[in-house]
Amino acid sequence: MPSNRLSVVVTRRLPEVVETRLTELFDVKLRDEDVPMTRGELIDAMQSADVLVSTITDRIDAGLIGQAGDRLKLIANYGAGFDHIDVNTARQRGILVSNTPGVVTDDTADMVMALMLAVTRRLQEGLAVMQNGDWQGWAPTAFLGSRIGGKRLGILGMGRIGQAVAKRAQAFGMQIHYHNRRRLRPEVEQGLEATWWESLDQMVARMDVISVNCPHTPSTFHLLNARRLKLLKPSAVIVNTSRGEVIDENALTRMLRAGELAGAGLDVYQHGFGGNAELRNMPNVVMLPHMGSATAEGRVEMGEKVIINVKTFADGHRPPDMVVPAML
């Protein structure tokens, strides 16, 4: 390979078309197996590369960044979330961090609605009966769920995804409410027919469905803590496609077990990738393996954003999707 090409290490298997294009442009080291790198492998990669293409499964903390080589100048994350990267330490070391925002907005918003419907209409229970061969025929009172039309939806985090969820929920006839650290512009708020709540406590106490769509930051860790979860109505449902750390998962589990909440639809978890084991045995909880952004189109578009970020950096400019302190 020409010596003037950037050395790029990719930590996970990406769509073939993305890997091919990366290889055409850069001196790339790809993964053979689609499993996360060990900490030792990450250290080796960060000591030998100009650019590390990371994913959510790579925990890039201060200790790891401290062992990076002088060559490493960019961590081009494949994904919008970057809470698995110690961005401040990276900046102190002169390492830029980029992400891929906006690509999977619609995919994730679609999954919010899917989980909302799955929980409120008891799809998991119906599937289990059919898969086990236990269905005895239709009955007027069997598997009675609840409509979402006319219900109050409280969106926690009204960024790109939150607004996309609001538009979809509008079409289902839901009333849109939201809590955000900044209120939306009046014209945006009017277009979504959304009501802003300055007080999160007051909002959650009045909602039928809560959708978590905010990133995980120090200020949002356990934003839905045990005290705040207790404010929800027993008939309320929680949907989380954002980050598991935003909800106190142990408190959520206790409340679901006690019948203090109607149900939950979860695509992300605080306790590792499997979630709290007790949640998996609850009929009113729908759990997915972090599928919110999992569309073939979205994965390729994420890769294209990574390529643009790395190519722009290689040309001597700031990556267009650089993570800056105001985002933390």
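This one's a predicted model, so the numbers in the text were calculated from it and none came from an experiment.

About the thresholds
Residues numbered from 1 in each chain as written. Predicted model: local features only at pLDDT ≥ 70, side-chain atom pairs only at ≥ 80, totals over all residues. Heavy atoms only, no water. Helix = DSSP H or I, 4+ residues; strand = E, 2+ residues; numbered from the N terminus. Rg over C-alpha atoms; globule rule 2.2 N^0.38 Å. Buried < 20%, exposed > 50% of the residue type's maximum accessible area, 1.4 Å probe, protein only. Contact = heavy atoms within 4.5 Å. Areas by Shrake-Rupley, 256 points an atom, 1.4 Å probe, with all protein chains shown as cover. Lys, Arg positive; Asp, Glu negative; His and termini not counted. Charge placed at Lys NZ, Arg CZ, Asp CG, Glu CD. Pairing = 2+ DSSP bridges. Axes fitted to C-alpha atoms, helices over the stretch in contact; angles between N-to-C directions. Right-handed = clockwise from strand over helix to strand, strands pointing away. Salt bridge = Lys/Arg side-chain N within 4 Å of Asp/Glu carboxyl O. Patch = residues over 30% accessible without salt bridge, like charges linked within 9 Å, V, L, I, M, F, W, Y side chains within 5 Å. Parallel < 35°, antiparallel > 145°, perpendicular 65-115°, else oblique. Left-handed = near helix turned anticlockwise from the far one by under 90°. Nonpolar A, V, L, I, M, F, W, Y, C, P; charged D, E, K, R; others polar. Core = buried A, V, L, I, M, F, W, Y, C linked by side-chain atoms within 4.5 Å.

K.L.:
How do you make sense of the overall build of the chain when you look at a structure like this?
P.N.:
Summing up its helical and strand segments, the chain has 12 helices and 12 strands in all. Over its C-alpha trace the chain gives a radius of gyration of 22 Å, about what one expects of a compact globule, namely 20 Å for 328 residues. Principal-axis analysis of the C-alpha atoms places the extent of the chain at approximately 70 × 50 × 35 Å. In the chain, which comprises 328 residues, the proportion classed as buried is 49%. Nonlocal contacts in the chain, meaning residues at least 24 apart in sequence, comprise 59% of its contacts between residues at least 6 apart. For the chain, the accessible surface area stands at approximately 15900 Å², while carbon and sulfur atoms represent 52% of it. Side chains of the chain give 37 positive and 37 negative charges; the mean places of these two sets differ by 6 Å.

K.L.:
I keep staring at the sheet that holds strand E11 (residues 263-266) and nothing clicks. Help me out?
P.N.:
Sheets are built from strands that pair by backbone hydrogen bonding, the pairs being arranged parallel or antiparallel. Ordered by their spatial adjacency, seven strands build an open sheet running E8-E7-E6-E9-E10-E11-E12, and the pairing between neighbours is parallel. Both edges of this open sheet fall to strand E8 (194-196) and strand E12 (285-287), since each of them pairs with a single strand only. Each strand of the sheet is rotated relative to its neighbour by a mean of 15°, with strand direction disregarded. Summarising the sheet, strand E6 (residues 152-156) and strand E9 (residues 209-212) pair through four bridges and their orientation is parallel. Across the sheet, residue Ile-155 finds its bridge partner in E9, namely Ser-211.

K.L.:
Mind showing me how you'd approach the pairing of strand E1 (residues 7-10) here?
P.N.:
Taken residue by residue, a regular strand's side chains alternate between the two faces of the sheet. Here E1 shows a buried face lined by Ser-7 and Val-9 and a second buried face lined by Val-8 and Val-10. One crossover worth recording links E1 to the parallel strand E2 (residues 27-29) by way of helix H1 (residues 16-25), and it is right-handed. Relative to strand E3 (residues 51-53), E1 runs parallel, the two being bridged by three bridges. Residue pairing in the sheet places Val-10 in a bridge with Val-53 of E3.

K.L.:
So what exactly am I meant to see when it comes to the sheet that holds strand E4 (residues 74-76) here?
P.N.:
Judged by pairing direction, the sheet is parallel, and its five strands sit side by side in the order E2-E1-E3-E4-E5 without closing on themselves. In this open sheet, the two edge strands, each paired with only one partner strand, are E2 and strand E5 (96-98). Shown here is a sheet whose adjacent strand axes are inclined to one another by a mean of 20°, direction ignored. In this structure, E4 lies alongside E5, joined through three bridges in parallel fashion.

K.L.:
Got a minute to help me understand the pattern of salt bridges in this structure?
P.N.:
Close approach of charged atoms allows side chains with opposite charge to pair. The tally for this structure, following the rule as stated, stands at 19 salt bridges. Taking the shortest distance from any N to any O, the salt bridge between Arg-227 and Asp-201 comes out at 3.0 Å. Within this pair, whereas Arg-227 is found in helix H10 (residues 226-229), its partner Asp-201 is found in helix H9 (residues 200-204), the two being separated by 26 residues in sequence. Each of Asp-106, Asp-110 and Arg-168 takes part in salt bridges that share partners, so that together they form one network.

K.L.:
In this structure, what is going on with the environment of Ser-211? I would like to understand it.
P.N.:
The residue Ser-211 is located in strand E9 in this model. In sequence terms Ser-211 and Gly-162 are 49 residues apart; their C-alpha atoms lie 8.2 Å from each other. Ser-211 has contacts with Val-112, Leu-153, Gly-154, Ile-155, Leu-156, Val-165 and Val-239, leaving out every residue within four places of it along the chain.

K.L.:
Hey, could you run me through a nonpolar patch on the surface in this one?
P.N.:
Judged by side-chain polarity, Met-130, Trp-135, Trp-138 and Phe-143 come together as a nonpolar surface patch covering roughly 540 Å² of accessible area. The topology assignment puts Trp-135 in the loop between helix H6 (123-131) and E6.

K.L.:
Before we go on, may I ask you to explain the packing of helix H5 (residues 105-120) against helix H7 (residues 160-171) in this structure?
P.N.:
The description of two helices packed together rests on the angle between their axes and the distance between the axes. Between H5 and H7, the least distance of the axes is 8 Å, while the angle of their chain directions is 50°. When the axes of H5 and H7 are compared, the pair comes out oblique. Seen along the crossing, H5 lies across H7 with a hand that is right-handed. Residues Thr-105, Asp-106, Thr-108, Ala-109, Asp-110, Val-112 and Met-113 of H5 touch H7, and the partners they reach there are Arg-160, Ile-161, Ala-164, Val-165, Arg-168 and Ala-169. Its residues placed into classes, the contact of H5 with H7 shows seven nonpolar, two polar and four charged.

K.L.:
Just checking my understanding: could you explain the nonpolar core for this structure?
P.N.:
Burial of nonpolar side chains together is a common tendency in soluble globular proteins. Ranked by size, the top nonpolar core spans 29 residues in total, and within it Ile-210, Leu-224, Leu-229, Ile-238, Leu-252, Leu-256 and Leu-261 carry the most contacts. Where this core is concerned, the elements lending two or more residues are H9, E9, helix H11 (249-257), E11 and E12. It is H11 that provides the largest number of residues to this core, a total of four residues. Among all residues touching Leu-229, those that are not within four sequence positions of it are Leu-224, Ile-238, Ile-247, Asp-248, Ala-251, Leu-252 and Met-255. By size, the runner-up hydrophobic cluster in this structure holds 28 residues, among which are Val-112, Met-113, Val-239 and Val-286.

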